[in-house]
Amino acid sequence: MSEQPFQLQAPENSVICVVANESDVNKLKSVLSERGYNGEDSVSIGHGEEWLKIVDPDGSYHSGMARLIRTFQRLTTEVDDRTLGAVEGALTSGKYLVLVSTDGSEAQRDQIHELMQQYNGTHVFFAGRRFTQLLSGW
């Protein structure tokens, strides 16, 4: 197994949600594509152990420094603790993560947020530059 690089933060200016099943993921992916969000640069869908290793909510798949960073994040901000916990719970229970890259504008953030809610996305959050904003489903 090759080690994935440790990601301290979610990709900047992305809206992220948890989706419970493949059917809802496919519907959301289709409507995002119709709205111009298509391709690997715009939409990423994660599932299972592979993505759990990439996100690494507790740092256990990477170095001791990664574990230290994740512990610090969880202890110092409630938002990081909640988002890391939701991501870990989703990936360990067979759910999916959907990440959509935006230009950082409120208009795009709100449009994607609304679509995610319409297609049963929960735990929706926005990863901005050096901050995370909980949007809905918490």
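That block above? That's the structure.
Residue indices begin from 1 for each chain and proceed along its sequence in written order. For this predicted model, a pLDDT threshold of at least 70 governs which residues receive local features, and a threshold of 80 or more governs which side-chain atom pairs are given and counted, while totals over whole chains, interfaces and linings are taken from all residues. Based on all heavy atoms of the structure, the side-chain values leave hydrogens and waters out of the count.

Q: It is not clear to me how the overall build of the protein should be interpreted in this structure. Could you clarify?
A: In this description a helix means any DSSP run of H or I spanning at least four residues, a strand means any run of E spanning at least two, and both kinds are numbered starting from the N terminus. Assigned secondary structure in the protein consists of 5 helices and 5 strands. Written out in order from the N terminus, the α and β elements of the protein read β-α-β-α-α-α-β-α-β-β. Relative accessibility decides the category of a residue: with a 1.4 Å probe and only protein chains considered, values under 20% of the type maximum give buried, values over 50% give exposed, and everything between is partly exposed. By residue count, 38% of the 138 residues in the protein fall in the buried class. Only heavy atoms matter for contacts: two residues are in contact if any of them lie within 4.5 Å across the pair. Within the protein, counting contacts between residues at least 6 apart in sequence, those at least 24 apart form 70% of the total. Here the open area of atoms and residues is found with the Shrake-Rupley method and a 1.4 Å probe, where only the protein chains shown may cover a residue. Accessible area for the protein stands at about 7600 Å²; split by element, carbon and sulfur atoms hold 47% of it.

Q: Is there a simple way to explain unusual backbone geometry in this structure?
A: Negative phi values dominate among residues other than glycine, just as trans dominates among peptide bonds. The phi torsion at N13 lies on the positive side, around 60 degrees, for a residue other than glycine. Here N13 lies in the segment before β1 (14–19). Phi at N120 is positive, roughly 65 degrees, even though this residue is not glycine. Inspection of the secondary structure puts N120 in the loop between α5 (106–118) and β4 (122–128). Taking the relative accessible area as the measure of exposure, N120 reaches 45% and is therefore partly exposed.

Q: What should I look at first to understand the pattern of salt bridges in this one?
A: It is possible for side chains of opposite charge to pair when their charged atoms get near one another. Whenever a carboxyl oxygen of Asp or Glu lies within 4 Å of a side-chain nitrogen of Lys or Arg, that contact is scored as a salt bridge. Taken as a whole and assessed by the stated rule, the structure comprises 2 salt bridges. One salt bridge in this structure joins E106 and R109, with 3.8 Å as the shortest N-O distance. Here the residue E106 and the residue R109 both occupy positions in helix α5, the gap between them amounting to 3 residues, near one helical turn. With relative accessibility at 54%, the residue E106 sits in the exposed group. Judged by its relative accessible area of 14%, R109 is buried. Among the ionic pairs, D110 bridges to R109, the shortest N-O distance being 3.0 Å. One salt-bridge network, held together by shared partners, links E106, R109 and D110.

Q: Would you explain the sheet that holds β1 in this entry?
A: Backbone hydrogen bonds are what pair the strands of a sheet, in a parallel or an antiparallel way. Taken in spatial order, the 5 strands make up an open sheet running β2-β3-β1-β4-β5, and their pairing is antiparallel. Each having just a single partner strand, β2 (43–47) and β5 (131–136) make up the two edges of the open sheet. Strand-to-strand twist of the sheet, defined as the mean angle between neighbouring strand axes without regard to direction, takes the value 20 degrees. DSSP calls a pair of strands paired once it identifies at least 2 bridges connecting them. Direction of pairing for β1 relative to strand β3 (residues 96–101): antiparallel, over a ladder of 6 bridges. What sits directly across from V19, in β3, is Y96. Sheet contacts for helix α1 (residues 22–34): β1, β2 and β3; angle to β3, the most-contacted strand, approximately 10 degrees. Helix axes are fitted to C-alpha atoms over the stretch in contact, other axes to C-alpha atoms as well, and angles between N-to-C directions run from 0 to 180 degrees. Against the sheet, helix α2 (residues 48–55) touches β2 and β3, its axis set at about 110 degrees to β2.

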